[in-house]
Amino acid sequence: MPGPEMSVCEIERWLREDDPQALATLWEVADELRRRYVGDEVHIRGLLEISNNCARSCAYCGLRAENVNLPRYRLTWKEILEGAATTAALGWGTIVMQAGEDYGITREWLAEVIAEIKRRTDLAVTLSMGERPLEDLRAWREAGADRYLLRFETSDPGLYARIHPPLREGEPNRLEQLEVLRELGYEAGGGVMIGIPGQSYASLARDIAIFRAMDMDMIGVGPFIPNPDTPAGCGELPPLPEGEQVPATDRMGYKVVALTRIVRPDANIPATTALATVNRREGRWLGLQRGANVIMPNVTPRRYREMYRLYPGKAIPEETADATADRLAKQLGEIGRTVAAGRGDRRRMLC
Ligand code: SAM
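Report follows, based on the coordinates. Predicted, not measured: the structure shown is a model, and the values here were computed from it.

Scoring rules and cut-offs
- Residues numbered from 1 in each chain as written.
- Predicted model: local features only at pLDDT ≥ 70, side-chain atom pairs only at ≥ 80, totals over all residues.
- Heavy atoms only, no water.
- Near = heavy atom within 4 Å.
- Polar contact = N/O pair within 3.5 Å; in protein donor to acceptor, adjacent residues only side chain to side chain.
- Areas by Shrake-Rupley, 256 points an atom, 1.4 Å probe, with all protein chains shown as cover.
- Nonpolar A, V, L, I, M, F, W, Y, C, P; charged D, E, K, R; others polar.
- Buried < 20%, exposed > 50% of the residue type's maximum accessible area, 1.4 Å probe, protein only.
- Helix = DSSP H or I, 4+ residues; strand = E, 2+ residues; numbered from the N terminus.
- Pairing = 2+ DSSP bridges.
- Right-handed = clockwise from strand over helix to strand, strands pointing away.

Digging into the site of the ligand
Neighbouring residues of the ligand: 19 residues in total, closest Ala99, Arg151, Glu153, Arg174 and Ile225. Between the ligand and the protein, one listed contact pairs a nitrogen atom with a backbone N or O atom of isoleucine 225 at 2.8 Å. Coverage of the ligand by the protein chains reaches 93% of its 560 Å² of free accessible surface. Considered class by class, the residues forming the shell around the ligand number 11 nonpolar, four polar and four charged.

Okay, here's the thing in structure tokens:
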């Protein structure tokens, strides 16, 4: 039986498990812990992709600086405040502002935007702006930002170095930066991609054990989706031999969501867009039934959505925010869940 204290070897065994009955047990245990620790309410966060400019050269990501096939954009002050107003009007408790690592977004400007959102709404503000200097992170926290998402992508140092070249010599890795975010008082969110070429089962099992050891508040995981405009998406990163390489499938995604819920029962865990992209019909809903308790519908103005192209085929419905809200409430009802009220902060519970 999978349980919160599983060893790394047991986690790896579950990652390799393919027997349908055993997997049914994994889903059940994860769903039961989800119900017990975070309830049937699903937190809806409005995702606003505020810029696709990026200084980095991550081998997997379509926003990488070298990608000349991507038209670039940055939202205006007015567009950001409109996104926040829409999110608040729909009754969703959090706005997530995500971007490439865009130094055209200055410390002072974003601090002002955050403060203005806080003046105008009761929204919690989550940032996902990449590896910004300490002074930026501190200023944004002081301006009122509540949470910060920074996936560490993989805990395997060799693979991390291959997929995530540093911008500055000697910069801390993302696991170290997550510690800094916590010290600044943010709720901190980590996470990894699943099935990036070179990722072994053993290293993915260690990633999940790190979610537990670091007591992460939010944990986002999703399958790697190849983007032909990146080195990882055009065969430049060699996969491991069969049997060692983690597959980038939706099923592996559900396993990681379930194991994450089991080892970190009170964390906020989204059913991610990548999961919804690799299985358009059911990815999001199966994620929610196998451990997840958060969804992040897109509130970016429609003319920009296609430009925030981390990977091709991203699942982004062509509908208004009102229509999304109605549809989500209905679909959640169909799986016995409700839309949460309030900000959806992490509620710590002893396990
Ligand atoms: N710049 C910020 C950062 O790096 O944290 C936020 C934006 S970044 C695009 C958000 C996340 O997208 C990354 O942490 C990564 O896990 C995910 N991502 C990027 N490219 C992907 C791909 N090809 N397949 C799946 N996920 C991807």
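As for the pairing of strand E5 (residues 187–194)
Among the eight residues of E5, eight are classified as buried, and the element is accordingly described as predominantly covered. Sheet topology note: the strand E4 (residues 147–149)/E5 ladder contains three bridges and is parallel. Bridging across to E5, tyrosine 148 finds its partner in alanine 188. Bridge analysis of E5 against strand E6 (residues 218–223) gives six bridges, and the strand direction is parallel. The partner of valine 192 across the bridge, within E6, is valine 221. As for the winding sense of the linkage, the β-α-β connection from E5 through helix H8 (residues 201–213) to E6 is right-handed.

Remember, this is a structural readout, not a statement about activity or role.
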